[in-house]
Structure formats: structure tokens, C-alpha cells
Amino acid sequence: MDEPVAQTGEAGGSAVLAEVRAGSYYDSVVLMQLQRALAELPGVLDAGVVMGTPANKELLTQSALATDDALRAAPEDLILVVQAESEQAGRAALAKVDDLLSARRTQQTDAYRPKTLSSAARMIPEADWTLVSVPGAYAAAVARDALNLGQNVFLYSDNVSVEDEVSLKELAASKGLLIMGPDCGTARVEGVGLGFANRVRQGRIGIVAASGTGLQAVMVGIHRLGEGISQAFGTGGRDLTADVKARTARQALSLLREDADTDVIVIVSKPPSSSVARQFLTEAEACDKPVVVNFIGHTGEPNAAGPAAGISFARTLDGTAELAVQSLGASESDHPSGNPAESFQPTAAPAQRVPPVRPGSCLRALYSGGTLAHEALFLLQEFLPAICSNGPLPGGLQMENAHRSQGHTVVDLGGDAFTVGRLHPMLDNELRIRRLLQEAEDPATGLILLDVVLGDGAHPDPASELGPAIEKAIVAAGRDGRSMPVVAVVIGTDADPQNLRRQLEQLEEAGAAVFTRHDEAVYAVGRAFGAMDEGRPLTSSKLDSYVPTERDCAGKASSFAAINVGLESFTDSLRAQGAEVVQVDWRPPAGGDNRLAGLLARLR
Amino acid sequence: MTVNIDNANAIAVERMIEARPVLTGLGKALETVPNMHEDLLLHAGPPIAWEEASGPLRGALVGALIFEGRAEEEEEAAQLIASGEVRLSPCHHHNAVGPMAGVISPSMAVYEVENKTHGNRAYSNLNEGYGKVLRYGAYSEDVQERLRWMHDVMAPVLGAAIEACSGLDIRALLAEALHMGDEGHNRNKAGSVLFTKLLAPHVAMAAPDPATASSVLEALGENALSVLNPVMAACKAMADAGHGVKGSTVVSTMARNGTEFGIRVSGMGERWFTSPCPQPVGLYFPGFSAEDGNPDIGDSTITETAGLGAFAMAAAPAIVTFVSGTPQDALNATLEMYEITAAEHTAFTIPQLDFRGTPVGIDLRAVVETGITPRVNTGIAHKEAGVGQIGAGLVRPPTELFTEALVAFAEQYGFQE
């Protein structure tokens with residue numbers, strides 16, 4: 001281990017010290033906690049604890065935390081950086097690292113934590129689902145092990161190759177198992193939310209979704225309309241591409257088709273490849289159940305033959321929820337009302353108003369949800385001429401540097417490049433808080449749009465951290481005489497553990513204009529920039545304020561059992577939902593030595 | 001050449017489990033142990049030269065030569081070995097095992113254990129009890145006097161008693177002892193009492209007089225380790241049954257000579273893989289500390305190799321204190337060993353784990369993959385010859401040992417890229 005080298009920081013008088021630990025692996029939750037603990041030490045101004053990936057090094061540079069040593073680190077190296085009032089304080093902080101790490105270890109409970117999947121399976125033989133959220137480089141091997149143990153797999157990890165994805169999906173199909181992902185953020189199986197999932201009512205609408213936050217927004221919308229979900233299968237973002245050929249989506253579709261508890265089927269995906277879409281929709285047509293489709297960014301059906309019987313297309317995620325609930329009403333003649341969406345009486349909610357922005361200023365949208373970012377790009381095309389983003393969007397401009405906004409910008413901070421070796425921004429607000437303040441300092445910024453996603457798996461109280469940051473950002477802009485409205489859209493239900501109402505209140509108190517429907521928030525932002533309807537106060541949506549009175553969506557999980565490999569927060573949220581879970585104390589095989597791991601694979 | 005490692009391991013570990021070691025007799029090493037001769041001393045662990053030997057091993061070698069009447073003091077004994085007149089060889093090369101220094105000299109008495117299932121035999125010496133003893137490198141006159149009594153008085157009676165009971169099933173004894181709080185390595189309290197109980201009627205008949213019977217029974221019954229050596233020979237007989245299976249990555253030997261930790265692998269013949277021996281972590285007797293400790297020593301790791309000792313720790317919560325642990329830690333120790341073993345024992349079960357079989361058959365691949373190395377319960381010897389045991393604790397062989405063996409395995413069987 002190298003002696004930490006101090007470098008005089010840009011902020012006069014402070015010192016930046018870095019230490020690089022070669023080939024260290026830690027759970028990203030541990031890294032986040034260590035970073036916070038370091039930042040709280042006396043004399044420490046800022047701290048960074050990240051794996052040495054290019055994206056993380058770039059982030060350190062943005063935060064003035066980069067040193068030569070840190071920039072030389074390899075992706076498998078752990079970088080520890082502190083910016084301190086003095087070199088002495090910095091050294092003292094770095095010297096505490098091992099204590100902080102071991103303090104965490106001793107807090108762990110005494111019960112045995114299995115180190116391997118097979119030993120976990122032995123401990124909980126009733127489990128038939130395994131959640132995998134280990135770093136991408138190891139994820140395919142873990143998922144393969146799980147399938148070979150007869151487990152269905154929820155594969156949260158991203159950065160898994162297409163080849164691995166196809167071979168995993170073929171293996172699953174050959175064993176009659178389902179694999180959701182890679183890069184599957186959300187699902188709901190047997191009444192239990194997996195990964196990032198909102199607490200919703202059990203009901204009769206089944207969903208197949210190739211997107212995480214898209215699925216969350218639709219589930220939340222359906223719940224808000226008083227209906228519920230039978231099953232919600234995620235497929236991973238690449239499933240509907242020509243390479244993967246909708247292998248998971250088709251499997252999930254046929255499960256929903258056979259499912260006696262599903263009356264309406266919803267399909268949500270970013271625009272799929274047209275050949276895959278055609279085949280998939282042909283199969284959807286063959287269902288004798290109403291199907292609602294949202295290919296985000298596609299308004300009409302891509303089928304040249306015209307609208308297929310039984311399939312309707314929605315324009316927005318919230319619109320998808322509405323259509324699904326309407327279809328449910330249509331399919332059940334004994335439903336109390338023909339259109340439940342119109343039968344709800346909203347409780348009073350203050351009309352939101354987003355003031356017009358300064359002429360010539362730019363939108364900065366900082367998303368944690370990829371699909372929400374995608375929908376925003378799509379919906380904003382009507383209002384804004386050219387929008388830059390770090391995600392692929394037909395007609396959009398690719399950002400030169402995802403860490404620097406230019407012009408109107410919609411950035412997905414949950415994108416692959418940002419999540420290697422660090423937590424997703426739905427779990428760790430750090431990245432967004434830094435970016436929020438960075439945008440506030442930029443005179444070009446006219447308005448900041450944020451999503452705040454609630455539910456199991458997400459941060460336990462995001463508004464408590466984002467709220468103060470929003471306040472600070474508004475003040476910072478105001479110091480320069482700039483008005484800079486902040487719009488926050490909260491995706492959550494009244495049953496979510498974070499307390500939806502409290503989240504909304506905290507964000508509003510911080511000065512943000514808050515919304516609970518994504519499309520409404522985006523339209524309001526568009527209007528704030530656009531010429532049409534300038535400054536028109538938005539009427540509160542009926543959906544926006546509907547709060548079901550009974551909390552009938554918890555405690556259904558008595559029989560669900562699973563194994564979790566990776567993020568411990570998934571275990572916590574499964575347990576909070578009443579599921580039986582065994583957490584695997586996973587480490588990279590052969591201590592992360594790729595040569596040995598390769599040898600082991602041959603010796604299997 | 002392709003081998004199916006999983007199948008090979010299943011065969012190796014099944015042979016280990018099916019082996020039924022029975023104590024069949026007590027003989028003189030020279031006449032009993034294969035390839036033993038007048039100018040040979042056996043010792044624990046992998047091969048070692050006098051120059052590399054640690055204090056306790058040197059002391060025991062010196063003491064053995066004094067016991068044999070070949071030398072009168074250290075200098076003379078050292079000269080005999082250094083000159084090559086007396087040669088050294090690992091117990092393991094002679095189907096034998098010895099605790100701590102593990103020194104067996106030609107005229108010493110050895111237990112003979114026969115695996116009734118597969119027919120192979122294994123040997124171990126007599127246990128001297130606690131305190132200043134040869135196996136910890138002590139060789140003073142009182143140590144010699146004790147050795148002479150054991151060989152002149154106890155051994156004939158013990159041999160006749162074992163013969164009279166026509167075989168003592170050590171596997172059955174161990175299975176029972178596990179249910180009485182033993183793990184078969186550091187804790188053999190129950191097993192030693194069972195051993196004494198089984199032999200007592202025959203000792204009474206075989207002894208020339210009541211006083212001798214009394215002293216032999218006292219020596220067996222008072223020594224909570226009296227059964228350790230027959231147990232080790234039994235474990236050796238079981239491990240050897242699983243050795244030599246082509247394509248198997250199951251570890252069939254783990255042993256330390258006080259300088260190096262060595263392992264052998266079922267599918268890799270007689271080849272040793274060695275690396276410097278770590279120092280045990282544990283509790284020291286009053287007046288001693290880690291600074292006084294010798295690196296780990298002894299063949300007693302054969303118990304872990306056969307699925308006992310630290311692998312059966314869950315059965316012996318009484319001894320978790322030497323690693324400052326809780327009863328839960330004892331359970332966790334065994335649970336962890338399941339991660340690196342190929343099977344669960346059918347004869348050795350653990351009440352605390354709902355009578356689950358002990359983890360048995362360490363798979364090299366699993367050790368390298370998980371980074372979990374075998375746990376070993378061990379006694380701690382003073383680094384200077386003759387002081388004796390100064391503590392007890394836990395030791396784990398270094399990961400590199402297993403990595404090196406795995407890479408060599410891949411070379412031998414053509415698994416390289």
C-alpha cells in the first residue's frame with residue numbers, strides 16, 4: 001500500500017490526499033458508508049471512496065478530489081481520497097479507514113452467512129428465486145450458478161455482455177426457469193417486489209417491462225387508480241433488441257397469458273427493434289386478454305397492418321396505467337364503474353405552478369430513472385429544440401461528456417457508466433447532490449428537473465438529503481441574481497416505506513415544485529420553457545392527488561423465499577415485505593484473480 | 001486426457017466416509033511400521049532437514065535418540081542426524097501420523113489401526129499426556145522416565161487388552177464422542193473416557209498385578225488426550241482410503257512440521273505442496289504470549305482432513321473460548337467448512353446442526369474459489385525445545401498453498417489454456 005500523497009487542493013489551504021488499495025473488493029454499500037464516515041471526521045472537507053473506474057475518476061476530477069495517484073488507479077483498485085483542512089487532518093482521516101471498515105464488520109449479526117450460492121440453497125431449500133446484484137464482471141457466472149441450482153433469477157447487475165445475456169436466457173428456457181435482466185431493476189412476483197419496487201395492491205393487471213423505472217411508474221399509476229398488479233416481470237433493457245430477440249419478454253408474456261389472476265396485460269419498453277416488435281406484438285395479439293403497450297417514444301402501433309384487435313397504445317407511462325385500468329373495467333362487466341379513472345374524487349391538492357424560466361437559459365434534468373429520462377426526452381421534443389443526453393435517443397444529441405451539461409440536458413445518472421463500482425443514484429444521493437450543486441453554479445442553468453423514486457430497495461428517505469441540496473442550489477443561483485426553479489417528481493405510493501406525503505412535503509419545503517405524475521411534471525417543465533401557454537397554472541390531476549384509504553398491499557408475502565447475492569438492501573426490503581431471505585456473503589471468485597478464476601471455470 | 005473431477009471427488013470422499021477404522025493392536029515401530037528401520041526417525045509434517053527444523057521438533061528428535069540409547073545429549077544427537085547416520089522421514093510416508101513433533105523412533109510402541117472396509121492400515125504413537133512431553137520437544141530425564149514407563153509397563157498391558165477386545169471400532173467411538181461434546185482434535189475428553197471404559201475390563205485381566213492395572217487405567221483415564229493418537233491413526237486410515245483417486249482435487253493430507261505447512265491431493269500422488277507455517281491465533285496459558293509460540297506443528301490436522309476437528313467444531317461449543325468465541329461461532333465454523341468440502345459424513349453427525357453430517361473432503365477448487373481456507377484447531381508449542389504446550393487456538397493454512405496445488409493439478413491433467 002502506498003503512502004498517501006498530498007496535493008494542495010484548489011480551494012486555498014486545503015490538502016487532497018489519496019490512497020490506492022490494489023485489487024480490493026468491497027460491497028458498494030460499504031464504500032458509501034465509508035465515504036460518509038470519512039467526510040464526517042474532524043477537519044475533513046470532502047471525501048471520495050470509489051473503485052478506480054474511468055467514470056469514477058472523472059467524478060473525482062469534477063469534485064476536485066483527483067490526485068495523480070488516484071488517476072493512475074485501475075478499475076479493480078479502491079481509491080480513498082480526502083480533502084482536508086490540513087495535510088495532518090487528511091492523514092489522520094485516512095489512518096482511520098481500517099477501523100471504520102472493521103467497525104462495520106463487528107456490527108454484523110452472529111448468524112451464519114453462507115459464502116456460496118449452493119450453501120445458501122441448502123439453508124433455504126424452499127427458495128426458488130435468486131436476486132443477483134454483484135458487479136457486472138461476475139454477474140453472469142453467479143446467475144448461471146443460480147440457474148443450475150434450479151433458481152429463477154432476478155439479475156439486477158448491469159455491464160453484462162450480450163453474449164452472456166443470450167446464453168443465460170437460453171439456459172433458463174431449457175430448464176423452464178425465468179431470468180429477468182441483466183439490468184433488471186424492478187419486478188413483482190407472487191406479491192413481493194424485487195429490487196426497486198413500490199408497494200402496490202395485488203390485482204389483476206400483469207406487466208412485462210423492459211425497463212425499471214418505467215415499470216415502477218406504471219405500477220404506481222395503477223395503484224393510485226385503485227387497481228393492482230398480478231405479476232410484473234422485468235426483462236432487462238436489451239431484451240427487445242435484435243440480439244436478444246425478446247427471449248424473456250416472450251416467456252413472461254406467455255406466463256401472463258396463462259395466469260388465471262391476470263385479466264389485462266401491459267407491455268412497457270423503450271422502442272424495440274422493429275422486427276422483434278412485430279413478432280412480439282403478434283404473440284401479444286394472440287392473447288385473449290386486452291393488451292396495453294407503451295413503446296416509449298412511439299405513439300402509434302408499429303404494425304403496418306393497422307391497430308390490432310385487443311392492443312392499445314399509450315403515450316406516457318401514467319397514460320399506460322390509465323389505459324390498463326380502463327381495459328380492466330371493460331373486461332369485467334361486473335366492475336363497479338365503466339371507467340374507474342373518472343370515478344375518483346381527488347382530495348384537495350394545491351395546484352402546482354412552475355414559473356417561466358429566464359430567456360435563453362437551459363434545462364438540466366438529473367434523472368435516477370433511465371426510462372423516466374427517456375420519456376422526458378421524448379415528451380420535451382415538443383417544447384425544446386435540441387436536447388443533449390447520455391442515453392441513446394433518436395434525434396437527441398449525445399453529450400460529449402456525461403459529467404458536463406451543455407445546452408438543454410437530460411442526463412441519466414443511473415446509466416452504466418455511472419454505476420460501475422458505485423451505488424445506483426436511487427440508493428445513494430451523493431452523485432445527484434454534487435451534480436445539482438454543479439448545475440446551480442452554471443449560469444446557463446434555467447431550471448432543474450429531478451425524479452425521486454420511492455419504494456423498497458430505494459433510499460430510505462431521499463428527500464431528507466435531496467431537500468437541503470435543492471435549497472442550497474436555489475440559494476446559490478439566487479446569490480448570482482438568477483432565478484432557478486427546481487421541479488421534483490416523486491414516483492411512489494402511499495404504501496411505500498418512505499412515506500410519500502412526507503417526501504413531498506420535504507421537497508416542497510425546500511422550494512421545489514413537486515409532482516407525482518411524471519408526464520405532468522415534464523409538460524409543466526416544457527411549458528416553463530415553451531412559448532405556448534406560458535405561465536399557465538397547471539390544474540392538479542385527478543391522479544395526482546388520489547390517495548387510497550386502505551393500505552391493502554402489504555403482508556402478502558408469507559410464502560415467498562429467496563436468495564440474495566449482492567446488495568444487502570434487497571434482503572432488507574424483501575424481509576420488510578415478509579419474505580424469507582438468505583443473504584450470500586459473496587466475494588469475487590479466487591479473490592478477484594481473473595487468471596485463477598478462468599482456471600477454475602475450466603476445472604468445473 | 002479428460003477427467004471428470006466431480007466424479008473423481010465423489011469417489012475419493014465416498015471412500016473416506018466408508019472406511020471403517022478399527023484399532024487392532026499395539027506393536028513396536030520397527031516391526032510394525034512399513035519401511036521403518038534402525039536408523040530412521042519419523043516426524044510430523046512434510047519432509048524437513050535438521051537445519052530447517054524448529055525448536056520443538058529438534059527437541060523431540062534429540063529426545064527420541066536419547067530414548068533409543070543412541071545419544072546422551074543434544075550435541076551428540078544432532079551430530080547423528082546432521083551426519084546422515086540417522087535419517088529423517090515424514091510419518092506420512094509410512095502410513096503413520098504423530099501429534100505435534102510426531103516423532104516415532106524404532107523401538108517405540110505404535111497403535112495399529114486397520115480400515116476394515118478397504119484393508120489399509122495406519123499407525124500412531126502413544127500419547128504421553130500433558131505438561132513436559134516429548135511431542136512438544138521436551139527430553140529431560142523425567143520425560144525419558146515417563147517414556148520408559150509407558151513402553152516397559154503400559155504398552156504390554158495395553159497391547160494385550162486391545163488384542164483381548166478383538167478390535168476397537170474407532171469410527172463408532174468418534175461418532176459417539178461427537179455427541180458428547182468432542183470434536184476429535186483439541187477436545188477428546190469424552191472419547192478418552194470411552195476408550196478407557198472399553199479397555200478397562202481387558203486391562204484388569206491383562207495386567208500382571210492390580211497396581212499395574214491401576215496405574216495403566218489412571219494413565220488412560222486421566223489423560224483427556226489418550227485417545228487422540230488412535231483417533232489420528234483412524235483418520236489417517238480414512239484419508240488414505242480416499243488418496244490416489246485419479247482426477248480428484250480432494251485434499252488427502254494436511255500436516256505441519258513446525259516450519260512448513262504441507263498438503264497432498266488425492267489425484268496428485270505423493271507430491272507435497274508446502275509453504276511457511278502460520279502461527280496459531282488463540283489463548284495462551286498464564287505467563288506466555290504469542291511471542292513465545294512456535295509456528296504450527298503436528299500431523300493432527302489429519303482429523304480436519306477426515307472431517308473432524310475444527311470441521312466438527314459445532315459439536316464442541318465448550319472449546320470455543322480459546323478463540324474468544326461464542327457457541328454460535330462454533331456452529332458458524334462448521335457451517336463455513338461445508339463451503340469447501342465435497343460431502344457430508346454419514347457416520348459423524350452433529351446434534352447441534354440437526355444431526356447433519358460433518359463437512360468432509362476438502363476440495364482444492366472450492367478453497368481457491370471462495371478464499372476460505374480449512375480451519376484447524378491446534379495446540380500451541382513453545383518455540384524452544386522442552387518447554388511444552390503454552391496455549392491452544394486456531395490456525396488456517398495460507399491460500400497460496402491451495403492455489404499452487406490447483407495450478408499444478410491443472411498442469412498435470414492438461415487443463416491449462
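Quick notes on the rules
- Each chain carries its own residue numbering, running from 1 in the written order of its sequence.
- Chain A is the first chain written and ligand 1 is the first ligand written, with later ones labelled in order.
- Confidence filtering applies because this is a predicted model: local features only for residues at pLDDT of at least 70, side-chain atom pairs given and counted only at 80 or more, and all residues used for totals across whole chains, interfaces and linings.
- Working definition: helices are DSSP H or I runs of at least four residues, strands are E runs of at least two. Numbering for both runs from the N terminus.
- Exposure classification rests on a simple neighbour count of other C-beta atoms within 10 Å of a residue's own: a residue reaching 20 or more is buried, one at 12 or fewer is exposed, and one in between is partly exposed. C-beta atoms are placed from the backbone.
- Contacts are defined on C-beta atoms placed from the backbone: any two residues whose C-beta positions lie within 7 Å are in contact.
- Should DSSP find at least two bridges between two strands, the strands are regarded as paired.
- Only the contacting stretch of a helix is used when fitting its axis, a line to C-alpha atoms as for every element, and angles between N-to-C directions run 0 to 180 degrees.
- Charged residues are taken to be Asp, Glu, Lys and Arg, nonpolar residues to be Ala, Val, Leu, Ile, Met, Phe, Trp, Tyr, Cys and Pro, and polar residues to be all remaining types, Gly included.
- Residue ranges assigned to the domains are those given by an automatic or database domain assignment.

Chemist: In this structure, what is going on with the overall build of chain A? I would like to understand it.
Modeler: On a plain count of helices and strands, chain A comes out with 22 helices and 23 strands. Relative to its 604 residues, chain A shows a buried fraction of 55%. In chain A, 71% of the contacts between residues at least 6 apart in sequence involve partners at least 24 apart.

Chemist: What am I meant to see in the sheet that holds strand β15 (residues 362-367) of chain A here?
Modeler: Picture the strands of a sheet paired through backbone hydrogen bonds; they go either parallel or antiparallel. Residue and element names in this part refer to chain A. As summarised here, the arrangement of the seven strands in space is β17-β16-β18-β15-β19-β20-β21, forming an open sheet in which the pairing is parallel. Two strands bound the open sheet, and with one partner strand each, they are β17 (397-398) and β21 (513-515). By the bridge criterion, three bridges tie strand β20 (residues 486-491) to β21 in an arrangement that is parallel. Paired with V489 across the two strands is F515, which belongs to β21. This element, helix α9 (residues 212-224), spans β19 (445-453) and β20 of the sheet and lies at about 75 degrees to β20. Of the strands in this sheet, β15, β16 (387-389), β18 (408-412) and β19 touch helix α14 (residues 370-380), which is tilted by about 160 degrees from β18.

Chemist: Looking at this structure, how should I read the interface of chain B and chain A?
Modeler: How big an interface is tends to be stated in terms of accessible area lost as the parts join. Facing 19 residues of chain B, the contacting portion of chain A comprises 14 residues. Broken down by secondary-structure element, the contributors of at least two residues to the side of chain B that touches chain A are α11 (327-338), α12 (364-370) and α13 (399-412) of chain B. If one sorts the elements of the side of chain B that touches chain A by residue count, α11(B) sits on top with five residues. Residues belonging to the side of chain B that touches chain A are distributed by class as follows: ten nonpolar, six polar and three charged.

Chemist: Looking at this model, I keep getting lost on the sheet that holds strand β7 (residues 179-180) of chain A. Mind explaining?
Modeler: All names here are of chain A. Spatially, β7-β6-β5-β22-β23 is the arrangement adopted by the five strands of the open sheet, whose pairing is parallel. One side of each edge strand has no neighbouring strand; the edge strands of this open sheet are β7 and β23 (580-584). Relative to β7, strand β6 (residues 152-155) is paired through two bridges, and the arrangement is parallel. Counted as the bridge partner of V153 is I179 from β7. Across the sheet, helix α21 (residues 568-576) lies against β5 (129-132), β22 (561-565) and β23, angled at about 170 degrees from β23, the strand it touches most.

Chemist: I'm lost on the domain arrangement of chain A in this one. Help?
Modeler: Residue and element names in this part refer to chain A. Domain parsing of chain A yields domain 1 (5-107), domain 2 (132-345) and domain 3 (362-545). Contacts between the two partners involve twelve residues from domain 1 and, on the opposite side, ten residues from domain 3. Within the residue set of the side of domain 1 that touches domain 3, elements represented by two or more residues are α1 (28-39), β3 (44-51) and α2 (54-62). Considering every element that reaches the side of domain 1 that touches domain 3, the biggest residue donor is α2, with five residues. Within the side of domain 1 that touches domain 3, the residues separate by chemical class into six nonpolar, five polar and one charged.

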